[in-house]
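# Summary of structural features
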Amino acid sequence: MKRDIITSAIAIIVLTVLLGLVYPLLITGVGQVAFPGNANGQKIYVKGRLVGSKIIGQSFQKPVLDKNGKPKEEEEELVTEADPTYFQSRPSATEGGAYNAAASTFSNRGPNLKLTAEADEENIKAYLALEKPYDPGLTTAAIPVDAVTTSASNLDPHISQANAWIQAHRIAAVRHLTLGAVDGLISKYTTGRSLGFLGEPGVNVLQLNLALDRLTGGTH
Amino acid sequence: MSFAGWMTIVAFVVILTAVALPLGSYMAKVYAGERVFLTPILGGPERLLLRVLRADSDREQDWKAYAKSVLIFSLAGWLLLYLILRTQNAFFVPHRLNPLGYHSAPWNVTFNTVSSFVTNTNWQYYSGETTMTYFSQMLGLTVQNFLSAGVGIVVAVALIRGIIGRSGKGIGNFWVDIVRTILYVLLPISIIGAIFLVSQGVLQNFTTYLTAHTLTGLTQSVAMGPVGSQEAIKLLGTNGGGFFNVNSAHPFENPTAFTNLVEMLLVLIIPAALVFTYGRMTGNRRQGYAIYGTMMVMFLGAVVVAYIAEAHGSPAQHAAGLHTHVIAGSGGGNMEGKEQRFGIAGSALFDVVTTVTSCGAVNSALESYTGIGGAVPFANLSASEVIFGGVGTGLYSILLYVLLAVFIGGLMVGRTPEWLGKKLEAREIKLAGLAILITPLAALFSTAMAVATSGGRASISELGKGPQGFSETLYAYLSQSNNNGSAFAGYTGFIQPNAGNLGSHGVTFADILGGLVMLFARFGPIVFALAVAGALAGKRVTPAGLGTMRTDNPTFVILLIGVILLVGALTFFPALLLGPVVQGLTSNLY
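Scoring rules and cut-offs
- Residues numbered from 1 in each chain as written.
- Chains lettered and ligands numbered in written order.
- Predicted model: local features only at pLDDT ≥ 70, side-chain atom pairs only at ≥ 80, totals over all residues.
- Helix = DSSP H or I, 4+ residues; strand = E, 2+ residues; numbered from the N terminus.
- Rg over C-alpha atoms; globule rule 2.2 N^0.38 Å.
- Contact = placed C-beta atoms within 7 Å.
- Buried ≥ 20, exposed ≤ 12 C-beta atoms within 10 Å, placed from the backbone.
- Axes fitted to C-alpha atoms, helices over the stretch in contact; angles between N-to-C directions.
- Parallel < 35°, antiparallel > 145°, perpendicular 65-115°, else oblique.
- Left-handed = near helix turned anticlockwise from the far one by under 90°.
- Nonpolar A, V, L, I, M, F, W, Y, C, P; charged D, E, K, R; others polar.
- Core = buried A, V, L, I, M, F, W, Y, C linked by C-beta atoms within 7 Å.
- Domains from an automatic or database assignment.
- Pairing = 2+ DSSP bridges.
- pLDDT = per-residue confidence, 0-100.
- Expected span 1.5 Å × (residues − 1).
- Bend = angle between axes of the 7 residues up to and from the residue.

### Focus: the overall build of chain A
The helix and strand tally for chain A stands at 6 helices and 9 strands. The C-alpha atoms of chain A give 23 Å as radius of gyration, which overshoots the globular expectation for 220 residues (17 Å, by more than 25%). For chain A, long-range pairs separated by at least 24 residues make up 51% of all intrachain contacts whose partners lie at least 6 apart in sequence.

As C-alpha cells, then:
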C-alpha cells in the first residue's frame, strides 16, 4: 500500500513532465519549423492586415447603420445584414455574433422540433429575399440544405457548389461580371473530395470573396 | 447517398484491418517483453523509468495487488489533475500558458471534468476555448489522455494473461505494463499522428487569440493553442475530449476530409489491434479473428443504418419545405449540424466510430441527427462498449461476454463450459455477470434520478422539448456510464453566461451525479475483470476433447452477437422507446 502510494506519486510527476511538457513542446517545435503556416492557423493578410484564417468560416454580413451613420446595436450585439457584393457563408449561431471563432458551439437543433423548422423557414425566407431578385426561377425546393442549416462547428469555411452557383447570379449582377466568370472563380476555389472520394466538395467562401475583390475591387 | 460515400466506408474498413493486424502482433511482443524494432531507441528510457519506479517485470502481481496499483495510480492522477485545473490562474502559471487570464471553473464542474478524464470518458460540460488555459490542456488534460488510455490497455492485457496463465496467480506487473504501453505504443503513434495532423492544418502554437478584420468591416476573434499534440492522443487513446467546444467538427481540430479519415483510424487502431494481440497471446489467432468478426458485423450494421438515415432529411426540414435529396453540386441529406467538407458519409462514419469505442469525439452535432440516425449512437452505447470499445476496455468487456456466451453455450449442449481449455465455474460467471451489469445499472439508475427530480431536469436545454429532453438526459448518463463522452450537447452542467468562467456556475446535481457514475462504471468493471483474471489464472488446462464447444468459428460468432444484443436489448429497450425511437417514428414536431 505505502509502496504503491510512493510509486504512484513519482510516476504521476515523471509522466506529467514527459507527456504534458516534453511531448507537446516537441510537437510544437516540429510544427513551427516544418509547417509554420498550418501550425499558426493559415492566416490571410491583405495589405498587412489580418483578414482571417483560410480554414475558419466568416460572416459576410455588414453592420447596419443608424440615422447618424453609426453601426446599430441591439442587446450589445451589432445588427448586421447580408452584404450583397459577397458570397454568403452558411448560417451560424455562435454567441457574440455569427462566426465567433473564439467560442465555437453546436446549435443542437433537434430533428423533431418546431423551433428547428422555424429557424429553417426563417433562413429560407432570408435566402430567397437575397437571391430571388437575381435568380427569378429559384424555389424553396431548389435550395441546397447546407445553405439554410447551421453547420456542426458553426464555423464552416465551405458552402456547397449548388449554393455557390445560385449566389453567382447575384454576384455577377452586382459586380458587373459574366456568370461564366463567376462560375470559373467558384471552380477555382472549390476543394474537391480528398483523394477523390472522401467527403464532399466545398467552396471556400473567404478565398472566393477575396478573389472577387482582387478582380473588381473591394467595397470596404 | 453516393458511391463515394460507400467507398469511404469500405476503404476505412480495409485500411483499418491492414494496420491493426501488424500492430496487434507488435503489441503482443511488447507485453511479452520481447525485442521489437523500437527497443534500441526506447530500451534505455524504459529501464530508466522502471528503475525510478523500482518496478521489475519478474515480480508479478496477483490480481488484488494489480488492482490496488491501478486504483492508487488513478487516484494520484485524479488529485494532481484537480489541483492543476483549480490553479490554472495561479501566480506560478506563466502568461504564455494562460494568455487570456482564464479563471478556474467552479469546484463541481471541475469534479466532473477530472473524474471524466481519469476514467477515459472525457465528458465535457465545459467549453474548451472559453474555459481551459494552455496550461490546463497540456499539463493536465493531455497527460490524463495518455494515462487513462494506458490503464484501460493494461487491464485488458492482465485479463488475457489470466485467461492463458498456466501456473500460479501472477497476471503481470502493473508498473511494467503501464510504462511499456506509454513508451512503446501510445507515445510513438501520438508523435507521428500529431505531426501529421499539424502538417494538414491542425494548430500547434502558444499565441494568444487572433483578431481578424473581415472584408465587410466586422471583427472576428479566433482561438489558438497547442491543439495537435492533444488531438492525436485524444483519438488514439479513445478519449475524445476536444481542445475546442465543438471537438473534431472544428476546422482547427479536423481540417479536411483526409484528416477525418486518419482521425477515425487513430480511434480504432488500438481497439482493433488488441483483438489480434489477444489471438496471438492465446496462441490461436483464430480466437482473435472470431472476436474481430463479431465486432465488425455489429460495426458495419451501425454504419449502414446511420448513413442511410442521415442521407434523408429531418421532419423539421421537410416541414420547412426543403428537398433534401442529392442535386448537382450538393450531397443533400440532413446537413443540420454537419460540416460541408465531411458530408453525410464522413459524419455518419465518424459518429459510429466514436460511439462504438469509448472515444466520444464528434465531428457533427449528435443532437441534430434524425431519430433513427441518433438511435445508432444510443444502440452503440447500449451494447456497453464491446464493439471495439475503448482502448483495452473494449477487449476486456467483450471477453467477459465471451465467458458468458461460453457458459450459455455450455448449458445448451449440456456440458461443463470450457474456455481455452479451462473449466468455467460459478465464481467466474458471477464476477463476469456483475461486471457486465454495472454499466447498465449506473446508466438507468442515474437517468431515472435525473428525469424524476427538478435538480436533474434543470440540465435539460430549452430546445429539449418532448422526447428530445428525455433523449438528452438518457444519452448524458448512458455516455458517462459507458465512459464514452459524446453528448446530445444541449444537456448542460455548466452555465457560462459571459462565455467564460467569470460569473459562471455549475449545475451541482448533474456534475456530481455524472462524476460518480463515471468513476463507478469505470473502476467497478476493472476490479471485476481483474478478479476474473485472478480466478482463471490458476486453473489447470485440459486438452480440448470432441465435445468441447469451439470459440473460434462462425457459430460462436453468432452466439456471441446474440448474447450481446440480448443483454443490451433487455436492459435498454424500454428506455430507448421513450426517446429516440419515438422521434424516429413520428413526423410530429414538438
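### Quick look at the overall build of chain B
When helices and strands are counted, chain B shows 19 helices and 6 strands. Its C-alpha atoms put chain B at 75 × 55 × 50 Å along the principal axes. When each of the 590 residues of chain B is scored for burial, the buried share is 63%. A separation threshold of at least 6 residues defines the contact pool for chain B, and within that pool the share at least 24 residues apart is 78%.

### Looking at the packing of helix α9 (residues 257–281) of chain B against helix α10 (residues 285–311) of chain B
All names here are of chain B. The geometry of α9 relative to α10 is characterised by a closest axis approach of 6 Å and an angle of 155° between their N-to-C directions. Here α9 lies roughly antiparallel to α10, going by the angle between them. Note that α9 runs across α10; the crossing there is right-handed. Residues Val275, Phe276, Tyr278, Gly279 and Arg280 of α9 form the contact with α10, whose own contacting residues are Arg285, Arg286, Gln287, Gly288, Tyr289, Ile291, Tyr292 and Met295. Classifying every residue of the contact of α9 with α10 by side-chain character gives 7 nonpolar, 3 polar and 3 charged.

### Quick word on the nonpolar core
Val155, Leu159, Leu400, Ala529, Leu530 and Val532 of chain B are the most contacted members of the largest nonpolar core, which has 241 residues in total. Here the element with the most residues in this core is helix α6 (residues 134–164) of chain B; it accounts for 19 residues. Each of two domains, domain 1 (2–39) and domain 2 (43–216) of chain A, supplies a minimum of three residues to this core. Every residue in contact with leucine 159 of chain B, bar those within four places of it in the chain, is listed here: Tyr396, Leu399, Ala529, Val532 and Ala533 of chain B.

### Observations concerning the environment of lysine 62 of chain A
Note on placement: lysine 62 of chain A falls in strand β3 (residues 61–63). Measuring from C-alpha to C-alpha, the distance between lysine 62 of chain A and valine 203 of chain A comes to 21 Å, with 141 residues separating the pair along the chain.

### Focus: the domain arrangement of chain A
When the domains of chain A are assigned, the result is domain 1 (2–39) and domain 2 (43–216). Distance from the C-alpha centre of domain 1 of chain A to the C-alpha centre of domain 2 of chain A: 40 Å.

### Quick look at the environment of alanine 55 of chain B
All names here are of chain B. Mapped onto the secondary structure, alanine 55 falls in the loop between α2 (39–52) and α3 (63–86). Among the residues examined, alanine 55 registers 19 C-beta atoms within 10 Å and is labelled partly exposed. Each C-alpha atom of the pair alanine 55 and glycine 24 lies 25 Å from the other, and the pair is 31 residues apart in sequence. Among all residues touching alanine 55, those that are not within four sequence positions of it are Leu50, Asn173, Trp175 and Val176.

### Describing the pairing of strand β2 (residues 49–53) of chain A
On any regular strand, side chains alternate: one points to one face of the sheet, the next to the other face. As paired elements, strand β1 (residues 43–46) of chain A and β2 of chain A share 4 bridges and run antiparallel to each other. Bridge pairing links isoleucine 44 of chain A to glycine 52 of chain A in β2 of chain A.

### Structural notes on the sheet that holds strand β7 (residues 158–159) of chain A
All names here are of chain A. The strand order β7-β9-β8 describes an open sheet built from 3 strands, whose pairing is antiparallel. Looking at the sheet topology across the chains shown, the edges are occupied by β7 and β8 (190–191). Packing of helix α6 (residues 205–216) onto the sheet brings it into contact with β7 and β9 (202–204), and relative to β9 it is tilted by some 50°.

### A look at the interface of chain A and chain B
At the interface, 100 residues of chain A touch 113 residues of chain B. Of all the elements in the fold, those that place two or more residues in the side of chain A that touches chain B are α1 (2–34), α2 (36–39), β2, β3, α3 (114–131), β7, α4 (161–174) and α6 of chain A. Considering every element that reaches the side of chain A that touches chain B, the biggest residue donor is α1 of chain A, with 20 residues. Among the residues forming the side of chain A that touches chain B, the class breakdown is 46 nonpolar, 40 polar and 14 charged.

### Concerning unusual backbone geometry
Backbone geometry places histidine 176 of chain A, a non-glycine residue, at a positive phi of 55°. For histidine 176 of chain A, a count of 7 C-beta atoms within 10 Å translates into the label exposed. Of note, phenylalanine 388 of chain B is a non-glycine position whose phi angle comes to about 70°, a positive value. What makes phenylalanine 388 of chain B buried here is the crowd of 32 C-beta atoms within 10 Å.

### Points about the confidence of the model for chain B
The share of residues in chain B with pLDDT of 70 or more is 100%, and the mean pLDDT across the chain is 92. Scoring the predicted complex yields pTM 0.94 and, for the interface, ipTM 0.95.

### Section: the packing of helix α8 (residues 227–236) of chain B against α9 of chain B
All names here are of chain B. Put simply, α8 and α9 touch, their axes get as near as 7 Å, and they point 45° apart. Classified by the angle between their axes, α8 and α9 sit oblique to one another. Here α8 contributes Ala232, Leu235 and Leu236 to the contact with α9, which in turn contributes Glu263, Leu266, Val267 and Ile270. Residue composition of the contact of α8 with α9, by class: 6 nonpolar, no polar and 1 charged.

### A look at α6 of chain A
Residues and elements named next belong to chain A. The first and last C-alpha atoms of α6 sit 17 Å apart over 12 residues, in line with the 16 Å expected at 1.5 Å per residue. Buried within α6 we find Val205, Leu206, Leu208, Asn209, Leu210 and Leu212. Along its buried surface, α6 packs onto β2, β7, α4, α5 (179–188) and β9. Positive backbone phi, approximately 85°, marks glycine 217, located one or two places after α6.

### Overview of helix α7 (residues 174–200) of chain B
Residue and element names in this part refer to chain B. Along its 27 residues, α7 runs 37 Å from first to last C-alpha, staying within 8% of the 39 Å computed at 1.5 Å per residue. Largest kink in α7: about 35°, centred on isoleucine 182. In terms of burial, α7 is a largely internal element, 19 of the 27 residues being buried.

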